[in-house]
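# Residue-level structure breakdown
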Amino acid sequence: MTASHGFVQHEDVSRAPRPSAAVPQGAPAWNPQRPSAMPHHRYRPAHERVALPLTDRTWPSRRLKQAPLWVPVDLRDGNQALAEPMDTERKRRMFDLLVTMGFKEIEVGYPSASQTDFDFVRHLVTSGAVPEDVTISVFTPARRDLIDRTIDSIEGLPRTLVHLYTATAPVWRDVVLGRSRTEVHQLILDAGTHLMRRAEQLRGTDVRFEFSPEVFNLTEPDFVLEVCDSMTELWEASPDRPVVHNLPATVEIATPNVYADQIEYMHRHLARRDSVILSVHPHNDRGTGVACAELAVLAGAQRVEGCLFGNGERTGNVDLVTLALNLYAQGVNPMIDFSDIDAVREVVEHCNRLPVHPRHPYAGDLVHTAFSGTHQDAISKGMAHHAKRAAELGVLPAEAPWEVPYLPIDPSDIGRTYEEVIRINSQSGKGGIAHLLHTHHGLDLPKAMRPDFSRTVQRATDASGRELSHKDLWELFRTTYITPGVDGRLTLASWETGEVRPGEHEFTCVLRTDGEERTLDGTGNGPLSAFTGALATAGITVDILTYAEHSTGTGPGSPAVAYAECRVGDDICWGAGWDTSILSASVHAVMAAVNRARKG
């Protein structure tokens, strides 16, 4: 198969492999899928790779009622995954953001891996940038020389968590480390002992410890339990000085319920449980990192490591933004401030030099946006109902209970606005179009007029292939419905009207047609009726079927808008007028309908 510029050439598409086997025996008639030729037999399911001893799970019946301790690892794990790792300036900007958002434990680097990381930790020591209630975490492999380098970096920090890790899964033991279970366990104990002794030599630094059995989710549960319990004892953990045991799904291998079972098993069997903070660190290889973290918390995890917007190796670390705002959408305080999500995203994009996807949950440019007409209509009605309910409750809309279709949270809670909710393209509907015109330009289109303008918008977006802004909508409305009333083939050079006797009005005008002028007179029970009577004397038969008017603002100088649906001869057309005088606006609206009909 050949390709050009990353795209398969058309003539080669037919050569792509296709399923050739028969439909599986017993498959229902409605499912004609055939087995593909891909070698799926090369891969083993999770239950064949690791023991899953939990059978009496309790986590499915629990509920998420409070946020765990969130620990951002953007400056270490996320940073390792960047094509261009952060320098000190970018790291400091990210660190300041994390502090401002309310994170109280922040993993800031891998000091033994690079001079940049070492220097940043020293920068935090000397700059006074670390608030009194924030704990700094640093990462180190289980090697004496790297532990020494790590300890050197943190001297002078008031509160530090040193994060020790070693891979424990069979493939890593056999292929990467070349050591048995016993040898790996001893390596971890030796490293933990050295770390503890070095930490005791520090002055002015309170050090606690974290241990990660890397690739926990592929490690035998009894071995993880054996190693973690020995580290709890070695580090003399107590309820007032607990150790952190972090159990990472380093590479996702199973459905999230399997990870939850593994976490609950550890939660129920760890020794000195009140002296252990059970932590998780899911990755996103299967695209289920968020679900893994949520189920793990149900299963007993108290702490979650991840990155803002999910940056990390391969498909990324679990996304702390999504996790926290998922809780928020369930009425749980996220314990982190996302009230200006765009500012958060701006800093993260600058520091990572990676864009946040436009459809990223909560934060993407398009996630508070509806293009579909049915969605727009539901959102528009939902917002109107929300405003009405807030008024009935006597509270501001920002304080009223939120129940708006298609929007799990109020965009304004995270600094977004209703302006972003509805966007107009060829799929848009009349409800969303009307909502934008009302929100931005004060127009309250009659319901009967909305389908007519919606068809006009559809033609415009189909022709251009692009979406329309609210300014584009206004311009399209103005040229379609308003301009014909003052700049059409028929125009009023002058006009006047008045009530000559009770219930009887007279309308006199000078009608200009192709440069020729003619004076017309008419009478009726109102100004518009008299106007149509005057037009009838020129052979222009007009019947006003629907009429509406309103002010577009407050105060005597506010423009008024009028809408008129008219039968002109055999044609039915809408027109609109815009003027500080409601009478002038109504006359222009009728003239616009007349010109639109005669043009058609």
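Here the structure is a predicted model, which means the values were calculated and not measured.

What follows concerns the pattern of salt bridges. Inspection of every chain in the model, using the stated rule, returns 32 salt bridges. Notably, a salt bridge pairs R241 with D206, separated by 2.9 Å at the nearest N-O pair. Separated by 35 residues along the polypeptide, R241 in the loop between α8 (221-234) and β8 (243-249) and D206 in strand β7 (residues 206-214) bring together distant segments of the chain. Take D206: its relative accessible area is 35%, and that puts it in the partly exposed class. Across the pair D452 and R455 runs a salt bridge whose closest N-O atoms are separated by 3.6 Å. Within this pair, D452 and its partner R455 are both found in helix α15 (residues 450-464), separated by three residues, close to a single helical turn. For D452, a relative accessible area of 19% puts it in the buried group. A relative accessible area of 47% means that R455 is categorised as partly exposed.

A few words on unusual backbone geometry. For R314, which is not a glycine, the phi torsion comes out positive at approximately 55°. Structurally, R314 is set in the loop between β10 (303-306) and α11 (320-328).

Under the feature "binding site: Mg(2+)" (unreviewed entry), the UniProt entry names D77, H281, H283 and N317. In summary, the annotated positions, though distributed over 241 residues, converge in three dimensions, the widest C-alpha pair being only 10.8 Å. Looking at the secondary structure, you find H281 in strand β9 (residues 276-282). In this structure H281 comes out as buried when scored by relative accessible area, which is 4%. Setting aside chain neighbours within four positions, we find H281 in contact with V73, R76, D77, N246, L247, P248, A249, Y259, E305 and N317. Side chain to side chain, H281 and H283 meet in a polar contact 3.4 Å long. Relative to the helices and strands, H283 resides in the loop between β9 and α10 (289-298). Take H283: its relative accessible area is 6%, and that puts it in the buried class.

Rules behind the numbers
- Numbering of residues starts from 1 in each chain and follows the order in which that chain's sequence is written.
- Thresholds applied to this predicted model are a pLDDT of at least 70 for local features of residues and 80 or more for the giving and counting of side-chain atom pairs; totals over whole chains, interfaces and linings are not thresholded and use all residues.
- Working from all heavy atoms in the structure, the side-chain values ignore hydrogens and water.
- When a carboxyl oxygen of Asp or Glu is within 4 Å of a side-chain nitrogen of Lys or Arg, the pair counts as a salt bridge.
- A run of DSSP states H or I qualifies as a helix once it reaches four residues; a run of E qualifies as a strand once it reaches two. Both are numbered from the N-terminal end.
- When accessible area is computed with a 1.4 Å probe and restricted to protein chains, residues below 20% of their type maximum are described as buried, those above 50% as exposed, and intermediate ones as partly exposed.
- UniProt positions are given in the numbering used here, feature names are shortened, and annotations may be inferred rather than shown by experiment.
- We call two residues in contact when some of their heavy atoms are within 4.5 Å.
- For this analysis, a polar contact is any N or O atom pair within 3.5 Å, provided that within protein one partner can donate a hydrogen and the other can accept it, and provided that sequence-adjacent residues contribute only side-chain to side-chain pairs.

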